[in-house]
Every structure is written in structure tokens, then in C-alpha cells.
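Structure assessment
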Amino acid sequence: MHALSIQKCPLCTFAPIKHVPATNTGHTIKAAMLNCRSLRKHRTEIFHLLEDQNLNILFLTETWLDDHSDPDVIQALPPGYALARLDRKEGRGGGIAIATKDPLICTMSPIWVDHSEAGYFTINTGPNHSISGILIYRPPGRLFDFTDSLMEAITHLAIRKSRLLVLGDLNAHFEDPSDTDATGILAELISVQLELKNKEPSHQLGHLLDPVFGNWKGVHTAAPQPIPWSDHHIIPITIQLDRTEHYSQQSLRYKRRKWKNFSIEAFTKIVQDEGPPKGDDCETANKHIHNFVTKALDITAPMRSTTNARRTKKAAPWFSQELQTLKTACKKLERAWRQKFCPDIKAQYKIAQREYNKTIRLSKAAHYHTRIMEAENSSKELYLIYKEISIVNANLSSQNDSVETCNTIAQYFSGKIANIYACFSTNIKSATEFTENPNLTARRSA
């Protein structure tokens, strides 16, 4: 059965999911998370949930899918949606999945977390922008090494990714301060700047089992809403992006001709083969000319889809209005000097350039000094600042320079080890001579 032929049942009628309203002028992604307890059994409900609520992203746990579930997946997705999933390899139950709506693209790969099913996902939201995270389902029971293995997977991501989500069904009572398992997980995630975004119960028995963690302020959750076919509530999630961080629908419809391989000889031949214009009047002849010229262009320079989104480079945070003014003045003097080659203008240009470079150094120093003082109690921020300051452009050095540097370091350490060994040998020899010389020993005793 095709997904479009699914009929709505009484259980598929949803009240509108209330997302947190956007607080900025950027783009808002409507998402939700749900423990569906078998996507195969509830494929009709999930189909209408995606369609009626117009969700951009739906995070699912306990999908209960296997290698033979492809027809059920097709029936669960409205047109324009795709599903990235990780099924349980052995036994029944479990499984995680993410449904995304065009033009969002999701990829997910498995990662090891003890006694759990976890996947690292990346959702492309726009040109050079994405949201990363980990989706987890942990069956009920003791945690064992769950927290340690989870932190091994998260720590390096939390340092490298400025936008990270960690969410899923962890089967720990995060609403109960006396639950040592939940408080342990919470403390570890807070230590890497991941904040718990939802505080209300996500289960019909009043437990918060499905947490949503994020490390940036653009993630918001609304009150969980009960659904009749699962004991877990659906959690609305709002993700806010800047204007330049998403694909616009209009940009995807933009097309242009591919002139790179255009051949004027081939175009002329196609036009000549068409013959003289046909038609008794000017309007018909013009229409005929337009048609065969367009046809010739479509063959020699075909249309291709592209985006009209401007990929402007973001200004550095330390680049102030004063620097912009100095840069404009330098460019103006440089253009004047290249046009007239006047020594006086060249001298003025060099002075302006030195002033501009000096102001850049002062502005950078002030910016990083302020950031270091503000991040005094955050090891993650201090690490990122250090990495940003000490980064080296790999393109500046050639391969030969790299080999020479490696050889120099190797020689230094080999010499270092030899010197240490020689030092130890000398000390041992001196100690042996001291103990074997009776005069020195007697003098020491006296």
C-alpha cells in the first residue's frame, strides 16, 4: 500500500503541537521527539503526525524495525520526508530513527554506548551549516558503564561542535533528585556545557525519562503532550537558526545555464540544421525562432539547479567599525597609487597600512583578553580560545618543511634520551666508586 492511500483513523487526530515561538528574525525548525513503541505498528499515526503538524524533524526511539521493514517505513512517511534509522541487530525491540523533511538532509552512524543503542547524527540545515548530536535509547535496568561510555562519545564532540544535541529515552528518572543514576548523568553532561532543556514529565506515570540536552541557546522545548497510542508523551522542540543558516525554498528553484562547456560551433550547426523560420506572419516566425534557439541552448548549455543564497564570509568578532574605516581608507589610497604611481600617494598608503595593521593587533589582543577573562571558570571555552589563537595554517609550509621539522624533533628527542642515559650512567658510576673506596667511606663515617 502506498503512503498516500493510508486512511486516517480516530487515533490519528492530533491537537496542534505547541512549539515555543521564535524570539529572533531567523529561521525556525519545528521538531519533536517520541518513543513510538513500534513504528511498524503505528505507521499510520506517524504518517499523519508528520503531515498534520508539518514537522521538519521527528526523533524516534523504540522503532522495533528490522531488515524486512522497508515497506512499513515507506507507509509511515508522507511525500517529501526521508528516514535515517539504526535497527537493533539482535533480538526484537529497540532501534532509533530520525525523519526529516526536504530540504533538510540527515545522516546517522552508530556509536558504542554501553547497554544502549546510540547514533551520531548530522542534519544539514543550510550552506556550510549543520546540527550534530547523539540520539539514544537505553533499555530499563542498571546503568553499569553507561555514563562513562556516553561521556567518552560526547566529550570530544562537545568541544568541537558549537551546536550539539543529546536526546533520547534514557529510562532514568531525571525528575527525581534522589535517583543517583539520573543525577550522575546530569552532572556529567553539565560539566561539558550541555544543559537540560525540558523539565516536565515525559511519561504518563509522571516521570521524566526522555531528556533533551543542548549546548546553545537556540534550542527550546514546550510542554510534552500525551498521545493515545504510546505511554510516552511527544516533546515539541524548537530550533532557531540565523538567516544565513538555512536553505530557502526560493533558492532551491533557482536555475541557470551551464556555459562552461558551451560550443558556439555546435550551437550554430543546430540552428542551421533547423532551416529558415516558418510561419506566414511575424508573430508565428518569432515564436518558431524562439523555440529552436531555446532548444539549441538547452542542448549546448543545459539548465542546472543552483542556489542564489549569498555565502558571505562572516566578519571576525574583533573587526570593529574603526577597522572598517581604516581598511576603506587603505583600499582607496592603494587604488589611487596604482592609477597614478605617485610617490607621495604611495607614502600615504604605507602609513595608512601600518596604522591599520597596528589597530588590528590591538583589537585582537583586547578581544581575546576579554574572552579569556570571561571564560576563567570554563575549561571548554579556554580550550577553544587556545585552539583558536594557536592554530597554524597548514598551507604555509610545504611537505619538505614538514619532513625536516619531524626529523629535527626526532633528533632532539633521541639526543635527549642519550644524554639522560649518560647522566644516569655517570651517577651510578660515581655512587659505585664512592662505596668501593674505603677512604671515602671512612671519611663519610667520621
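Further up the page is the structure itself.
Residues numbered from 1 in each chain as written. Predicted model: local features only at pLDDT ≥ 70, side-chain atom pairs only at ≥ 80, totals over all residues. Heavy atoms only, no water.

Focus on the layout of surface pockets
The condition is simple: Definitions used for this entry: grid spacing 1 Å over protein atoms alone; cavity, a set of points where a 1.4 Å probe fits but cannot get out; pocket, an open set with protein on both sides within 12 Å along at least 5 of 7 lines; lining residue, one with an atom within 4 Å of a point. Grid points are joined across faces, edges and corners, and a volume is the space filled by probe spheres set on the points. Runs of E in the DSSP output that reach at least two residues are strands. Runs of H or I that reach at least four are helices, and both are numbered from the N terminus. Lys, Arg, Asp and Glu make up the charged group, whereas Ala, Val, Leu, Ile, Met, Phe, Trp, Tyr, Cys and Pro make up the nonpolar group; the residues left over, Gly among them, are polar.
Quantified by volume, the second largest pocket comes out at close to 270 Å³. What lines the second largest pocket is a set of 14 residues, among which S162, N215, W216, K380 and E381 lie closest to the centre. With three residues, the single largest contributor to the lining of the second largest pocket is helix α10 (residues 379-389). Residue composition of the lining of the second largest pocket, by class: four nonpolar, five polar and five charged.

Brief notes about the sheet that holds strand β3 (residues 81-86)
This is how it is decided: Any two strands are treated as partners once DSSP identifies two or more bridges connecting them. Convention adopted: a line fitted to C-alpha atoms gives each axis, helices being fitted over their contacting stretch, and angles between N-to-C directions are expressed from 0 to 180 degrees. Between two residues, a contact is recorded if the distance between any of their heavy atoms is within 4.5 Å.
Spatial ordering of the open sheet is given by β3-β4-β2-β1-β12-β11, a layout of six strands whose pairing is mixed. Only two strands of the sheet have a single neighbouring strand rather than two, namely β3 and β11 (219-221). Taken pair by pair, the neighbouring strands of this sheet meet at an average axis angle of 20°, ignoring direction. The pairing of β3 with strand β4 (residues 96-101) spans six bridges and is classified as antiparallel. Bridge assignment links R85 to a residue of β4, and that residue is A97. The sheet contacts of helix α1 (residues 43-53) involve β1 (27-35), β2 (57-61), β3 and β4, and relative to β2 the element is tilted by about 155°.

A short note on the packing of aromatic side chains
Where we set the bar: Any pair of Phe, Tyr and Trp rings, taking the six-membered ring for Trp, is counted once the centres come within 6.5 Å. Such a pair is stacked with planes under 30 degrees apart, edge-to-face with planes over 60 apart, and tilted for the rest. Partly exposed describes any residue whose relative accessible area lies between the buried limit of under 20% and the exposed limit of over 50%, with all areas from a 1.4 Å probe on protein chains only and scaled to the type maximum.
Considering all chains together, one arrives at five aromatic pairs under this definition. Here W337 and Y349 contribute two aromatic rings whose centre-to-centre distance is 6.2 Å and whose plane-to-plane angle is 15°, an arrangement assigned as stacked. With W337 in helix α8 (residues 321-340) and Y349 in helix α9 (residues 343-374), the pair connects residues that are 12 residues apart, well separated along the chain. For W337, a relative accessible area of 17% corresponds to the buried category. Among the residues examined, Y349 registers a relative accessible area of 9% and is labelled buried.

Distances and angles like these do not, on their own, reveal function.
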